[in-house]
Amino acid sequence: MEPGDKVPDSASYGEPKKYDPSFKGPIHNRSCTDIICCILFLIGITAYIVVGFVAWTHGDPRKVIYPTDSRGQFCGQHGTPNAKKPFLFYFNIMKCASPLVLLEFQCPTTQICVKKCPDKFMTLLNSYKTAEDREYYQQFCKPEADFSKGPVVVLKNKDCPAVITPSRPLTQRCIPAFQKKKGVLTVGNATTFDDGERGQTNVTKLLEGAKKANVVLEARQIAMKIFEDYTVSWYWILLGLVIAMVVSLIFIVLLRFLAGIMVWVMIVLVIVVLGYGIFHCYMEYVDLKGEPGSDVSLKELGFQTDLQVYLHLKQTWLGFMIILCFIEVIIIVLLIFLRKRIFLAIALIKEASRAIGHVMSSLVYPLVTFVLLVLCIAYWAVTAVFLSTSGEAVYKVFDNEMMCNYTGKTCDVQTFNTSNILKQCPDAQCLFAFYGGETYYHKYLIFFQFYNVFIFFWISNFVIALGQVTLAGAFASYYWAFKKPGDMPTFPIFSSLGRALRYHTGSLAFGSLILSIVQVIRVLLEYLDHRLKAAQNKFAKFLLTCLKCCFWCLEKFIKFLNRNAYIMIAVYGKNFCTSAKDAFFLLMRNIIRVAVLDKVTDFLFFMGKLLIVGSVGIFAFFFFSHRIERIQDTAPSLNYYWVPILTVVVGSYLIAHGFFSVYGMCVDTLFLCFCEDLERNDGSPERPYYMSPE
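Source: prediction; values computed, not measured.

1. Re the overall build of the protein chain
Counting secondary structure elements, the protein chain contains 22 helices and twelve strands. Across the 694 residues of the protein chain, 44% fall into the buried class. For the protein chain, the share of sequence-separated contacts (at least 6 apart) that also reach a separation of at least 24 residues comes to 72%. Element-wise, carbon and sulfur atoms account for 65% of the exposed surface of the protein chain, whose accessible area totals about 36600 Å².

2. Comments concerning the nonpolar core
One finds Phe-251, Val-263, Ile-349, Val-469, Phe-475, Leu-604 and Tyr-663 to be the most contacted residues of the largest nonpolar core, which totals 91 residues. Sort the elements by how many residues they give to this core and helix H16 (residues 445-479) lands first, with 18 residues. Ranked by size, the runner-up nonpolar core spans 17 residues in total, among them Val-114, Cys-117, Cys-141 and Ile-164.

3. With respect to the packing of aromatic side chains
Enumeration according to the criterion identifies 28 aromatic pairs in this entry. Taking the centre distance of 5.6 Å and the plane angle of 70° together, the rings of Tyr-136 and Phe-140 count as edge-to-face. With respect to burial, Tyr-136 and Phe-140 carry one shared label: buried. On the basis of an interplanar angle of 50° and a centroid distance of 4.9 Å, the ring pair of Trp-236 and Phe-623 is categorised as tilted. With a gap of 387 residues between them, Trp-236 in helix H8 (residues 217-257) and Phe-623 in helix H21 (residues 591-624) connect regions that are remote in the sequence. A relative accessible area of 22% places Trp-236 in the partly exposed class. Members of the aromatic cluster, joined through ring pairs, are Trp-234, Tyr-235, Trp-236, Phe-619, Phe-623 and Phe-624.

4. Structural notes on the state of the cysteines
As enumerated under the stated definition, the model contains three disulfides in all. One disulfide in the model links Cys-75 with Cys-113; its S-S distance is 2.0 Å. With the S-S dihedral at roughly -75°, the linkage between Cys-75 and Cys-113 falls on the left-handed side. With Cys-75 in the loop between helix H2 (62-65) and strand E1 (87-90) and Cys-113 in strand E2 (residues 111-114), this pair connects stretches of sequence that are 38 residues apart. By relative accessible area, which is 0% here, Cys-75 ends up buried. Linked covalently through their sulfurs, Cys-141 and Cys-160 form a disulfide whose S-S length is 2.0 Å. In this structure, the disulfide formed by Cys-141 and Cys-160 twists by about 120° around the S-S bond and is classed as right-handed.

5. Overview of the side chain of Thr-470
Checked against the element boundaries, Thr-470 lands in helix H16. Contacts of Thr-470, omitting those with residues within four sequence positions, involve Tyr-365, Ile-493, Ser-496 and Leu-497.

6. Comments concerning helix H20 (residues 576-589)
Between its terminal C-alpha atoms H20 stretches 20 Å, which fits the 20 Å expected from 14 residues at 1.5 Å a residue. All of the buried residues along H20 are Phe-576, Ser-579, Ala-580, Asp-582, Ala-583, Leu-586, Leu-587, Met-588 and Arg-589. Its side-chain oxygen at 3.3 Å from the backbone nitrogen of Cys-577, Asn-575 defines the N-terminal cap of H20.

7. Notes on the pattern of salt bridges
Under the counting rule described, the total for this entry stands at eight salt bridges. Asp-668 serves as the salt-bridge partner of Arg-563, at 2.5 Å between the closest nitrogen and oxygen. Within this pair, whereas Arg-563 is found in helix H19 (residues 538-572), its partner Asp-668 is found in helix H22 (residues 642-680), the two being separated by 105 residues in sequence. Across the pair Lys-574 and Asp-582 runs a salt bridge whose closest N-O atoms are separated by 3.7 Å. Residues joined by salt bridges that share partners form a network here, namely Arg-522, Glu-555 and Lys-559.

8. Quick notes on the packing of helix H9 (residues 259-287) against helix H11 (residues 314-337)
When two helices pack together, their arrangement is captured by the angle between the axes and the distance separating the axes. Where H9 meets H11, the axes come as close as 9 Å, and the angle between the chain directions of the two elements is 160°. As judged from the angle between their axes, H9 and H11 are roughly antiparallel. Relative to H11, the crossing made by H9 is left-handed. Contact residues: Ile-267, Val-270, Ile-271, Leu-274, Gly-275, Gly-277, Ile-278, His-280, Cys-281, Tyr-282, Glu-284 and Tyr-285 in H9; Lys-314, Trp-317, Leu-318, Phe-320, Met-321, Leu-324, Cys-325, Ile-327, Glu-328, Ile-331, Ile-332 and Leu-335 in H11.

9. Comments concerning the packing of helix H12 (residues 339-358) against H22
Their axes nearest at 9 Å, the elements H12 and H22 cross at an angle of 110°. Classified by the interaxial angle, the pair formed by H12 and H22 is roughly perpendicular. Residues Leu-348, Ile-349, Glu-351, Ala-352, Ser-353, Ala-355 and Ile-356 of H12 form the contact with H22, whose participating residues are Val-662, Tyr-663, Cys-666, Val-667, Leu-670 and Phe-671. Split by residue class, the contact of H12 with H22 holds eleven nonpolar, one polar and one charged.

10. Focus on unusual backbone geometry
In the Ramachandran plot, Asp-34 falls in the positive-phi region, its phi being about 50° despite a non-glycine side chain. Counting through the fold element by element, Asp-34 comes out in the segment before helix H1 (35-58).

11. Considering the environment of Tyr-478
You can see Tyr-478 is positioned in helix H16. On the basis of relative accessible area, Tyr-478 is assigned to the buried category, the value being 2%. Sequence separation of Tyr-478 and Pro-492 is 14 residues, and the distance between their C-alpha atoms is 8.5 Å.

12. Details of the confidence of the model for the protein chain
A residue-level look at the protein chain finds 81% of positions with pLDDT of 70 or above and a mean pLDDT of 78. Low pLDDT (under 50) marks residues 98-105, which in the prediction has 20 contacts with non-local residues, meaning those over four places away or in another chain. Within the model, the stretch residues 209-217 combines pLDDT values under 50 with 19 contacts to residues more than four positions away or in other chains.

Definitions and limits used
In this numbering scheme, every chain counts its residues from 1 along its sequence in written order. Where local features are concerned, this predicted model is filtered to residues with pLDDT of at least 70; where side-chain atom pairs are given and counted, the filter is 80 or more; whole-chain, interface and lining totals use all residues. Hydrogens are left out, water is left out, and the side-chain values use all remaining heavy atoms of the structure. Every helix listed is a DSSP run of H or I at least four residues long, and every strand listed is a run of E at least two residues long, numbered separately from the N terminus. For every residue, the accessible area obtained with a 1.4 Å probe (protein chains only) is divided by the maximum for its type, and the residue is called buried under 20%, exposed over 50%, and partly exposed between those limits. Every residue pair with non-hydrogen atoms within 4.5 Å of one another is taken to be in contact. Each accessible area is a Shrake-Rupley estimate made with a 1.4 Å probe; only the visible protein chains count as cover when residues are assessed. Grouping buried Ala, Val, Leu, Ile, Met, Phe, Trp, Tyr and Cys residues that are joined through side-chain atoms within 4.5 Å yields what is termed a nonpolar core. Stacked, tilted and edge-to-face pairs are distinguished by plane angle, under 30 degrees for stacked and over 60 for edge-to-face with tilted covering the rest, among Phe, Tyr and Trp rings (Trp via its six-membered ring) whose centres lie within 6.5 Å. In this description, the term disulfide denotes a pair of cysteine sulfurs within 2.5 Å. Helices are assigned an expected span. That span is 1.5 Å times one less than the residue count. Whenever two N or O atoms come within 3.5 Å, that pair is a polar contact, provided that in protein one can donate a hydrogen and the other can accept it, and provided that, for residues adjacent in sequence, both atoms are side-chain atoms. Salt bridge criterion: a side-chain nitrogen from Lys or Arg within 4 Å of a carboxyl oxygen from Asp or Glu. With axes taken as lines fitted to C-alpha atoms, and helix axes fitted only over the stretch in contact, angles between N-to-C directions fall between 0 and 180 degrees. Working definition: roughly parallel below 35 degrees, roughly antiparallel above 145 degrees, roughly perpendicular at 65 to 115 degrees, and oblique for all remaining angles. Handedness of a helix crossing follows the sense of rotation of the near helix relative to the far helix, less than a right angle counterclockwise being left-handed and clockwise being right-handed. Each residue gets one of three labels, nonpolar for Ala, Val, Leu, Ile, Met, Phe, Trp, Tyr, Cys and Pro, charged for Asp, Glu, Lys and Arg, and polar for the others, Gly among them. You can read pLDDT as the predictor saying how much it trusts each residue, on a scale of 0 to 100.

Below you can see the structure in the form of structure tokens.
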């Protein structure tokens, strides 16, 4: 280590550690820290369980799964009268083009559950011509519809639609079956239809209503295609993730014995992989020259549901090539400037490899963290669904003409037909609007949702903190063992985990709480930004952007400080604030080392993850896009081949990150211990260094 690496004037950052012959690494005689925060954390978890129980008592996920008719009944739910009626049918879908759809998120027309969607045009009047037509038409009417009273009375009572049109089920809703023939929009081979009230109507009116009735039509189509791709490719995706795990494990094992060679091989391979990516993008760009339509810009094309269309544009591949070139140049420039520091980083990685070799159980511990995080996410998601579906059915007055004074007000579906509203507004209807309520619980439902988000962040950050302090304690035991591994505990991971849970639950909860508060503020800022997107106030947008940037930086700093504070907690067993201060001062006294050595190792680990992800990703690309001739028939046929590729890439990154996070924590722990070792000892026989000669 070069002498210039240490800041000479460090008086303002506390006194350097002094030689202590009794110090042998993580202190065993310690006491509980931050007890108040520990109690608050346990109270918070207890309250979270109560919120979950209340949500599960009031919530009903069926409101999300099944469409709901005008009476608040679910379509297609087993054990109900509508069990064999899975589809929702709109009496007059043209009314869905009303502004009320955007205000109330509900069509101002009667909706019932049906066994199947209609497959032909027919008016109520025409259905009276034959008994067969009347029986067919009656399945699209209310159960209490009485055809013996004649069509006029049936229409007046709003028991049946005036007309039915050929429809197809889409997301369990009957939507008119639109087709285009020679550029002309048709439904059931017709461009007009008898609406049963005003005579012939153009089918474009149906289209306007259908668009408003299902505003997420195209998004749902994409989702269904993506779901289909997952159903036929999930085992190949799983195989790709297994390959990523095996490659990561092999890489870690090789790093244990060939750290220096592996780092340089990794650097060269990353440059080669990025270079191949640039070459491939260039060849695709050249091949598209002269192709009709390839010169269309992304802005002109706009959003398309078939995302493969973008791969037929030159601009797409040009953009990919520019991004890869930028990354390649940045990496090469960094390597040129950091070439001397890479040798020092390799020595630190070698030491980390030795530490992990003596604490092999550390490679398995990320699975514990992963399982705990999955449980946290699952509990949060289930609670959120139950909270959002814990409202009661709310009925409101709908009047398509919007001339009624009662429009939009709540009503009682049981007594509506005998109320004064119908006398003043003969065309008004009492229809299901949404799920809500006026009880004390429903009024404060938003606070329960907020608490669900906040406590989720707190518990998740606590789980991550527990993993960090556990690994830090184990690796600190390795560093401060003068005779390795003889002076190390028998089970360093279990010893460290036991100390963390017994003495420092409060300190971990304290650090997690601070981070969670910042993250919740960031979520609120994102929510405000989403709400203000349509606003024209440029100052408000500028201020919000500045706040988002500041809190992003604050979150990164707190994560960095917490990580090092947890290392000090694992070693000395002090409270969070004292540990954070000691860690910060120690880093500031060695700020040059932090900047040029610790961060170089982070850069090398990032390149390792990039290499693993890039290698697996390229293989997945050639496989799922049928580019490998010998196994073309083996690869599944997909709507979007990027779906499994993206899944494999993201999954590979998470797997590689899990393995490298152990190395990262090991390097950070050894680095802090190394800085402290330099302050405590001088390398003489009386005060020898604990570090290895390298």
